Each structure stands twice: as structure tokens, then as C-alpha cells.
Amino acid sequence: MTGVLLALMLAQKFEQRGFLENQTLIYPQTAPNDSGAIVNQTLLRWDVSDQIAPWLKVSASFDARTDTHEQTGRVWSLDVDDRSNKRPAFSLRRASATLHKGKFTVELGRQFIRWGKADLLNPTDRFAPKDYLSGVVSSDFLGVTAARVTYESGSNTIDIVWQPLFTPSRTPLLDQRWTALPGEAQGIPIIDSGARYPGGSQYGARFNHVGSGYEASVCFFDGYNNLPYFTATGSASGIDVQRYYPKLRLYGADLAVPLSWFTVKTEGAYFTSTTEGADEYALYVIQLERPGEGVVLRRRLRRRNCDPLHRQSSGVRAGPGLCAIFFRPRRLDHRRESQPRARSVGASPRLRREGRILAGLRTALARDRRPDVDSRRGNGFPGPVSPQFLYIPDDSI
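The rules behind the values
Residues numbered from 1 in each chain as written. Predicted model: local features only at pLDDT ≥ 70, side-chain atom pairs only at ≥ 80, totals over all residues. Heavy atoms only, no water. Core = buried A, V, L, I, M, F, W, Y, C linked by side-chain atoms within 4.5 Å. Buried < 20%, exposed > 50% of the residue type's maximum accessible area, 1.4 Å probe, protein only. Helix = DSSP H or I, 4+ residues; strand = E, 2+ residues; numbered from the N terminus. Contact = heavy atoms within 4.5 Å. 1 Å grid on protein atoms, 1.4 Å probe; cavity = no way out; pocket = protein on both sides within 12 Å on 5 of 7 lines; lining within 4 Å. Points joined across faces, edges and corners; volume = space filled by probe spheres on them. Nonpolar A, V, L, I, M, F, W, Y, C, P; charged D, E, K, R; others polar. Polar contact = N/O pair within 3.5 Å; in protein donor to acceptor, adjacent residues only side chain to side chain.

1. Details of the nonpolar core
Residues I113, W115, F127, V161, L250 and F271 are the most contacted members of the largest nonpolar core, which totals 14 residues. For this core, the secondary structure elements donating two or more residues are β9 (144–153), β13 (214–224), β16 (247–258), β17 (263–272) and β18 (281–290). Once residues within four sequence positions are removed from consideration, L250 is found in contact with P123, T124, R126, C219, F220, F221, A269, Y270 and F271.

What follows is the structure, given as C-alpha cells:
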């Protein structure tokens, strides 16, 4: 019996990796609600995975962090839902089991799910909340608790996701520089009254097709906006601000076409909501990539005005406008965040460190039919990018 157990243990493929990272941010100017000029952050990440059987793999990831600017909580307990205003000191970043049999792949538990083709702005990527605590461009993705079933046959892939527990995006703290208060609110105490989280589940489906010289997909999502709306109530002690998350239904599509001089990546979605005060609008992105440079164009077309007190915290004002983001590709580690076993391609030794996640940057994998590589997002064209410059020509954004 002992020999059989030893043989089973040796047959398993256990992997672990991690890193310790210290980062210092220096701000040359202070903000009206934030006098901090230097912020030091420390992050320890540990990723483990075990191939228990040819058809079963379990994965987990843990974070431990602290900082000098009180963006990290001081509660020394393990966080599993990422619903706190501040980053937790200890968090379960991922805990999932992946089952693969034939053309089917099933992943259960806390995981990372990515949809869409573009690299910086993704209207169709609705199961990927972000951490915007330290800014909008440099933002880390948060895991979601979900069940995901993928069926892949030839050049066609069907992806179905059910998320029973809502995970919101983490927005900037009200008393720090990334929250810009109107001039009328200067000097008035702003009180964070917490959030009203939705109790229902979210679900979505996506069909992806890889054709001769193009890749396209259509998707549907029904759930909630992971970016909050706000209600503000005046009181004797100041202004009480509470977050809430409106219903959201999405119909979207995306397309990637490599041409001789550049690659065109585009995606768009129509958003509707039954929540009073929420916007109904269409949003699309057109991205052009050439070796060494690129341009992303984003357009938001609004159909219904919303109450000024119910603005979203995404930094985009509720109105038509055009936003252009210029960037330069960088050769990064080509591992997908949701599938840590994908091999790195052409990364420098510094960027190839095991488990390193560069916040806010997306890497594109060449399609790989192995079950442990996330080809389900369908981004089959290489295009890792690093944001270099942000230009907003239209003040209505």
C-alpha cells in the first residue's frame, strides 16, 4: 500500500513559484486631498499548482502585502472575496480546480477570466474586475469565484461562465489623490458609508472562431457593473457617500485581423440596464498595431443621461467623446494570468522571473491547444504593450 501511495505522489507534478517585490512611487506634486509624496509598497506572492491526474489540476495563489500610505489594510486575516476598500494584507488570489476531458475543459473556484481582443481597453471583458486603488492605467486584475465550461472543436470555441458571488473593482480611496472632488466639496468632510453589493449571480457566454486570416467572437453578459455608482446624502457631519452596482446586460463582439503593415484589433458592446439612473450606451475600441508603435481609439456613445449624483468612478464622464492611447509594444513574459503553466517566449531574464505579474499590462499568447493554456480568450495575435502616453482631445470624456 505504501508503495502505491509513493508511486501516486511521484506521478503528480507539483509546481511552486513566487517573488518578493518592493516598489517606491514618487509624486512631484501633492493633491488637495493627499499630501503624500512618497509611497512604498511591498508584495510577496506565492503560486502553487499540482497536476493530480492527467485530467485534474489544482492551483492556488496567495498574496501578502503592506505599504506606507494606508492603501493596505492592517487586519491580519486571510481575505477571500476582495470586497474591502483597501487591499487586504493577506489574500487568496486564486484557488481553482481545472478538469479536462476530450474537447471539454471545466474550471471551478476562484480564477481569472479574460474576454476580448484589445490590449488596454476591453468593453466585452466583464468577468475581470480591477484594482484601481493606485491609478487607472496601472491596475491589477482581481480573481472571481466562478464556474467556467469551455468546449473547443477545431477552430471554434464556446465559453460559458457562471459567477455566483459578485466581485467589485476596487476604486480609489476618497481621501487620496486619485479621487478628484469638485471644488464645491473642498473643505467638506466626505464620509464613506460603504457599499450595497448585489445578491444575484452573473452569467455569460462567448463564441469564438479562428478563420483564415482573422479571429472573431460574439458574447453575451448578464449581471452587474463592477464599477460603482454613488449616492451622496448631506448630513450635519458632512456628505455621506455610498457605492452601489447597477444591473448590466451586454451584447458584444470583437475581431482581430493581421494585415501586411499592421494588425487591426477591434471590439464593441452595447450596454443596457434596468437600474434607475444607469446609462444605456454603446462602446467600441479600434486598435492598430505595428512593430514598435500602436494606437487605440475608444468611443462611447450615450443614449440616456444619468443623474449627476450617479456618476461612475471609471474616470470617463457620461458623454460622447474620443480617447486615444498611444503605446509601444514591449517583449514581456507571455504567460496568461489565468494559466500559469504557459511558457514564456523571448522575455528577458529580469521579466521572466517566475510568477511576476506586471500590473495593467496584457500579454497575448499564440494559440496553444494544450488544456492548461488559456487559448479560450481567443487573443491569438502577439501584442504585449506598455502604456507610454495618454491623450484626451475631447473634454466631454
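2. Focus: empty space enclosed by the protein
In total, this model carries four cavities of 30 Å³ or more according to the counting rule given. Considering only enclosed or pocket space, the second largest cavity measures out at about 40 Å³ in volume. Of the residues belonging to the lining of the second largest cavity, the class tally is four nonpolar, five polar and two charged.

3. Structural notes on the environment of N22
Locating N22 in the fold gives a position in strand β1 (residues 13–26). Note: C-alpha distance between N22 and D67 (45 residues apart in sequence) is 9.4 Å. Those residues within four positions of N22 in sequence are excluded, and the remaining contacts are N40, Q41 and T42. Here Q41 takes part through its backbone oxygen, which lies 3.5 Å from a polar atom of the side chain of N22.

4. Here we look at unusual backbone geometry
At E70, a residue that is not glycine, the phi angle is positive and equals roughly 60 degrees. Topologically, E70 is positioned in the loop between β3 (56–67) and β4 (78–79). Its identity is not glycine, yet D82 carries a phi of approximately 55 degrees, on the positive side. Structurally, D82 can be placed in the loop between β4 and β5 (90–101). Note on D82: relative accessible area 9%, which makes it buried.

5. Some points on the side chain of D131
Take D131: it is sitting in strand β7 (residues 130–131). Within the structure, D131 has its side chain in polar contact with the side chain of R87 (distance 2.8 Å). If near-sequence neighbours (up to four positions away) are discounted, D131 is found in contact with R87, S138, S139, D140, L142 and R170.

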